[in-house]
Amino acid sequence: MASMQACGGSAMMNSIRQSIGTERSVFPSKRLRIGACKDHVKLNLVKPCRSSQLEGSLVTGRPPSSVSVPIPEIGGGGSSFVDYGLSEADPEVRSIIDKEKNRQFKSLELIASENFTSRAVMEAVGSCLTNKYSEGLPGKRYYGGNEYIDELEVLCQERALEAFGLDGKKWGVNVQPLSGSPANFEVYTAILNPHDRIMGLDLPHGGHLSHGFMTPKRRVSGTSIYFESMPYRLDESTGLVDYDMLEKTAILFRPKLIIAGASAYPRDFDYPRMRKIADDVGAFLMMDMAHISGLVAASVVVNPFEYCDIVTTTTHKSLRGPRGGMIFFKKDPVLGVDLESAINNAVFPGLQGGPHNHTIGGLAVCLKHVKSPEFKAYQNKVVSNCRALASRLMELGYKLVSGGSDNHLVLVDLRPLGIDGARAEKILDMASITLNKNSVPGDKSALVPGGIRIGTPAMTTRGFSENEFMSVADFIHEGVQITLEAKKAVSGSKLQDFMKFVTSPDFPLIERVSDLQRRVEALTTQFPIPGL
């Protein structure tokens, strides 16, 4: 009976890696050549491919059929639990994962909130850490057997503070939130009472749903159900936050919490101005830096910690970690509230049970890399790539909200062309260009908004430079032109008429879409995906 020698079968995996020779440390001069077919990805070592110089962008594959891997058996007596691998245990799920892997490899991944994490993070997330319950905080658990989980979580906390240059005597962090929206609601639970007042950037103007949103007919966000939310907005003439109106509204509304941060805002926030407004009305100031946390850690955008009482973030966007969340808080009382105790209690037992220890392990790995020179170089590249993309789009005649970008994303207003983001998103997706429709200032519908949001973190991780992103702008422009022609050719005016038309077997522009797709994939398949 074979036995697993380590968490996740590390001895067995090391044997496989030695057999197929894909470790960069063993074969530093080799690169994997990847050839994609319709249903799967093939890997071989025949020719080198263009590869990112960033640490962690190594493509690994499944072992060939000639590699024999023993199947561990657990238990004894009349029955035993046979620990099959995924391919044997569930070929259907294995097939779906392989198809998704192939889609990621071939597509231009331009969704601003997505990225490719490293193989090391994936190994931690897929480890035996997932087996352990650890309700509570390090040293204060409700279950036994948590000595190593405590060690891990403390390490993750220390690395989180170090990653953002924070003094542990002045700042604390909770690394247990399951993601960004739960982290935000845990903050609200900690410092607010039901029906207290919140101000956040309006959703149609680039804000996030978790900051509050309601329509005349219903309270859409849970934040707006349990608290009274009032949005602040952009100046539609400039595409920048209207701080004068924010100040006037705050004086009238008297919020208890003001939230900086956004889902689709391409500029830095004026934290000193927001700090002053919060102080004038007696409000907490919180920053949701989910989108830009990697940029903040690398000091390539303005640092919110100098001005905010609380900072929340996801961990899987520009930070390039696993899917999780963090809450940073000042240790000294703010407005009479002990933030450390209030936030920790809101996370558990307030709103969560046992933390996802495998995610905390992956986050610790990610945060170690954040302090490396490679990570800072990567974040600078994210910004320079975004500026190159923005510049080329404006050369092509596109209107960008705010006229450019300070960070990792651009927001394109398609309304002057007579089309919307939903139709453009569909055609671009058919051509293996993955981005998202997005509201722009003045929009009336979130389902058929006037813009598209484009981000640079994911393809920068894969090794794209400014030249590739100028090509990306050209690809997008070509897809938009096809969208315009398709809209003119369809008989109905509704979005569903357009969708039915472009997916029909006799769609007249399908050859142009297919040609664009071939050229897109010819570019993307030159660049490997870390971890896969």
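Relevant structure appears above.
Residues numbered from 1 in each chain as written. Predicted model: local features only at pLDDT ≥ 70, side-chain atom pairs only at ≥ 80, totals over all residues. Heavy atoms only, no water.

(A) Geometry of the packing of aromatic side chains. With the rule as written, the count across this model stands at 16 aromatic pairs. Plain terms: the ring middles of F305 and F328 are 5.3 Å apart, the flat faces sit at 85° to each other, and that makes the pair edge-to-face. Residue F305 is located in the loop between α10 (293-297) and β15 (310-314), and its partner F328 is located in strand β16 (residues 325-330); the two are separated by 23 residues in the primary sequence. Take F305 and F328: they sit in the same class, and that class is buried. Three or more aromatic residues joined by ring pairs form one cluster here, namely F164, W171, F305 and F328. The ring of F253 has R197 sitting right over it, with the charged end atom 5.0 Å from the ring centre. When the ring centre of Y378 is taken as reference, the NZ or CZ atom of R320 above it lies at 3.9 Å. (Phe/Tyr/Trp six-rings, centres within 6.5 Å; stacked < 30°, edge-to-face > 60°. Helix = DSSP H or I, 4+ residues; strand = E, 2+ residues; numbered from the N terminus. Buried < 20%, exposed > 50% of the residue type's maximum accessible area, 1.4 Å probe, protein only. Lys NZ or Arg CZ within 6 Å of the ring centre and 35° of its normal.)

(B) The arrangement of the nonpolar core in detail. Grouped together as the largest cluster of nonpolar side chains are 59 residues, with contacts concentrated most on F164, F269, M326 and F328. Here this core takes 6 residues from helix α12 (residues 357-370), the largest share from any one element. Split by domain, the residues of this core number at least three in each of domain 1 (123-371) and domain 2 (381-525). In this structure F164 touches M289, S293, V296, A297, F305, L319, M326 and F328, once residues within four positions along its chain are discounted. Counting 43 residues, the second-largest nonpolar core is a separate cluster that includes L108, L428, I454 and V490. (Core = buried A, V, L, I, M, F, W, Y, C linked by side-chain atoms within 4.5 Å. Domains from an automatic or database assignment. Contact = heavy atoms within 4.5 Å.)

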